[in-house]
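Structure assessment
Listed below, chain by chain, are the residues.
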Amino acid sequence: MTKSLLIDLSKCTGCRSCTVACKSWNKLEPRIENRNQDEIRKAVEKAKGTDKFSDNEFTYIHEKDIRNFYKRQCMHCDDPQCVKNCPTHAIVKYDNGAVVVDKEKCEGVGLCAQVCPFGVPVMGEDKKPVKCTLCYDRITQNPVLEPACVKACPSKALKFGDIDEMKQYASKYKYVYGGGVNDSYNSSVIYASNIPFEEIDFKVAEVHNIANVLDAIKHPVGVLSILGGAALVGLKIYGDRKKKVQEGEK
Amino acid sequence: MDIDKILLWGLIISSAVIIIVSIQPYILGTEPTIPGTGMIVKIFSIILGILFVVGVVYVIKNKTWKKYKGMTLFAYALGMLSIAFLLFTGLLVGNYSGFLPASVDLSQSIDQILIPLRTISIYFAIAGIIMLLSVILKPSLRT
C-alpha cells in the first residue's frame, strides 16, 4: 500500500520539532571519533542547524521570511530521477512510497545529487548521498509507526497515511503540490497550503523534457541501431559477393 | 597481421568487455551481478581510450583509411564513431564518479540525460563492433 506524507502548511509553526526528531531517529549527531578538538568544534557548529541539506540535515525549514516558510525534504517522487539515473541501481522506490539509497550498492557516482529536480540529495562525508528516507526502517518495522517527524510535530501539521486519504485531505486546500493532486507533481509527499506557493519561495520540480524523451526512446533507438548495423554489414557482404561474382565472370 | 588490424582488434575486445559488463545495469536495468563492474569499466575505458587515440593518429598519419572503399569505409567510419561516442559518455559519467582528476559541473538538463545517453551509446557500440568485425573479417565468398 502506498503511503504519503502530507505537510499542512496552514498548521506549521516552524518550531523545528520535525528536524530535531529526524536527527534523533537517524542519529545525525556530528562524528567525533578520531578527530581533534578543532575538527570536533567545526563538526558541532556544522550540525547546529542550517538552511540546507547535509549529513546532519535530512530536512529543514526553508524560510523566505519570518512568516513564510515550509519544511523542505525529499519528495519521494513517483518516477524518481535519482532512481533512473543511478548507474549502480543503488536507489530504490519501494511500494510504500519511500525512495531509499542502499549505501552498500552505492559507488558514490553522485549523479543522483545532480539530477534531483528539487536539489535534495547531497553527498555526505562518506561520498554517498544522504536524504530523507521517509523513516523507511520505522514504517516497515511496524505498520502502526509513522515517520519520526510526523510523530514529533506538536501542531499536527504533518500527517502520514494511505495516499488516497492524504490526497482527499489535501483536496480541501486551495493550493496543493505533490501526490499528482490537481495535475501537480507525482510524489509521495504532498504539500497543502491556503496561500500561493510562490509566497513561501517553494521550490517546484525542474524536470527537463528532453530527459523524459531520451529515457522513452533509448531502447527502441538502440535496437534499431543494432539492426541498422547488421543490415549495413549484410549490404556490404552482398556488395562484396556481387563484385566477386562479376570478377569471376570476367 | 598489420598494426591497423591489431589496433582494431584491441578496440573491439575492449569495447566488448565494457558492453558485456554494462548490459545488466544499463540495458536490462538490473543490479550488476559481476563483481567489480565499476572497476572493470574504468580499466577497460582507459585501455579503449588509449587504443582509440593511438588508432586515430596512426590512421591519419599513415592514411591507412584509403585501403577501405565504399561500404567498407562507411562501416569503418561508423564503427569508430560509435566507439568515440562510448568513450564520450563514459567521460561524462566518470566526471561525477571521481574517475577523472577534475570534475566539471554540468547543467541539470545535461545531467538528467547522461544515463539514457550512456544506454544509447552502449547499443551503438554493439552495432559498431558488428561493423568493425565486418571490416576485419572477410568471409570467403565462393562464386
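Okay, so let's go over this structure. (Residues numbered from 1 in each chain as written. Chains lettered and ligands numbered in written order. Predicted model: local features only at pLDDT ≥ 70, side-chain atom pairs only at ≥ 80, totals over all residues. Heavy atoms only, no water.)

Each partner contributes to the interface: chain A provides 40 residues, whereas chain B provides 38 residues. Summed over both sides, the interface between chain A and chain B buries roughly 3,500 Å², with carbon and sulfur atoms accounting for 69% of that surface. Broken down residue by residue, the surface that chain A buries against chain B is led by A:Gln114, A:Leu232 and A:Lys236, which jointly contribute 17%. Scanning the region where chain A abuts chain B turns up 0 salt bridges. Joining chain A to chain B, the criterion identifies 6 residue pairs in polar contact (both at pLDDT 80 or more). Of all elements in the fold, only helix 3 (81-84), helix 4 (111-115) and helix 8 (209-249) of chain A reach the threshold of two or more residues within the side of chain A that touches chain B. At 22 residues, helix 8 of chain A tops the list of elements feeding residues into the side of chain A that touches chain B. Per-class residue counts for the side of chain A that touches chain B are 19 nonpolar, 11 polar and 10 charged. (Contact = heavy atoms within 4.5 Å. Buried area = accessible area lost by both parts, 1.4 Å probe. Salt bridge = Lys/Arg side-chain N within 4 Å of Asp/Glu carboxyl O. Polar contact = N/O pair within 3.5 Å; in protein donor to acceptor, adjacent residues only side chain to side chain. Helix = DSSP H or I, 4+ residues; strand = E, 2+ residues; numbered from the N terminus. Nonpolar A, V, L, I, M, F, W, Y, C, P; charged D, E, K, R; others polar.)

This paragraph deals with the pattern of salt bridges. All names here are of chain A. Taken as a whole, this structure holds 14 salt bridges over all chains when the rule is applied. We note a salt bridge from Asp8 to Lys11, for which the minimum N-O separation is 4.0 Å. Residue Asp8 is classed as buried on the basis of its relative accessible area, which comes to 0%. One salt bridge connects Lys93 with Asp78, and the closest N-O pair in it is separated by 3.8 Å. Taken together, the residues Lys93 in strand 4 (residues 91-93) and Asp78 in the loop between strand 3 (69-72) and helix 3 connect sequence positions 15 residues apart. Given the relative accessible area of 24%, Lys93 is considered partly exposed. (Buried < 20%, exposed > 50% of the residue type's maximum accessible area, 1.4 Å probe, protein only.)

It is worth spelling out the state of the cysteines at this point. Residue and element names in this part refer to chain A. All told, the structure shown has 0 disulfides over all chains when counted by the stated rule. As a non-bridged cysteine, Cys18 has Cys15 as the owner of its nearest cysteine sulfur, 6.3 Å distant. Here Cys149 is not disulfide-linked; the sulfur of Cys135 is the nearest cysteine sulfur, at 6.1 Å. When its relative accessible area of 9% is taken as the criterion, Cys149 is described as buried. (Disulfide = S-S within 2.5 Å.)

All names here are of chain A. Pairing is mixed in the open sheet, where 4 strands are placed in the order 8-1-10-9. A single partner strand is all that each edge strand has here, and the edge strands are strand 8 (158-162) and strand 9 (175-177). Averaged over neighbouring strand pairs, the angle between their axes works out to 20 degrees when direction is ignored. As paired strands, strand 9 and strand 10 (residues 189-193) are joined by 3 bridges and run antiparallel to one another. What sits directly across from Val176, in strand 10, is Ala192. Sheet contacts for helix 7 (residues 163-170): strand 1 (3-8), strand 8, strand 9 and strand 10; angle to strand 8, the most-contacted strand, approximately 135 degrees. (Pairing = 2+ DSSP bridges. Axes fitted to C-alpha atoms, helices over the stretch in contact; angles between N-to-C directions.)

Attention now goes to the packing of helix 1 (residues 3-28) of chain B against helix 2 (residues 37-62) of chain B. Packed helices, taken two at a time, are described by their axes: the angle between them and the distance between them. All names here are of chain B. Here helix 1 crosses helix 2 at 155 degrees, and the two axes come no closer than 9 Å. As the angle between them shows, helix 1 and helix 2 are arranged roughly antiparallel. Of the two elements, helix 1 crosses helix 2, and the hand of that crossing is left-handed. (Parallel < 35°, antiparallel > 145°, perpendicular 65-115°, else oblique. Left-handed = near helix turned anticlockwise from the far one by under 90°.)

Attention now moves to the layout of surface pockets. Residue and element names in this part refer to chain B. The volume enclosed by the largest pocket comes to roughly 500 Å³. Of all the elements, helix 2 adds the most residues to the lining of the largest pocket, at 8 residues. Across the lining of the largest pocket, the residue classes break down as 16 nonpolar, 9 polar and 3 charged. (1 Å grid on protein atoms, 1.4 Å probe; cavity = no way out; pocket = protein on both sides within 12 Å on 5 of 7 lines; lining within 4 Å. Points joined across faces, edges and corners; volume = space filled by probe spheres on them.)

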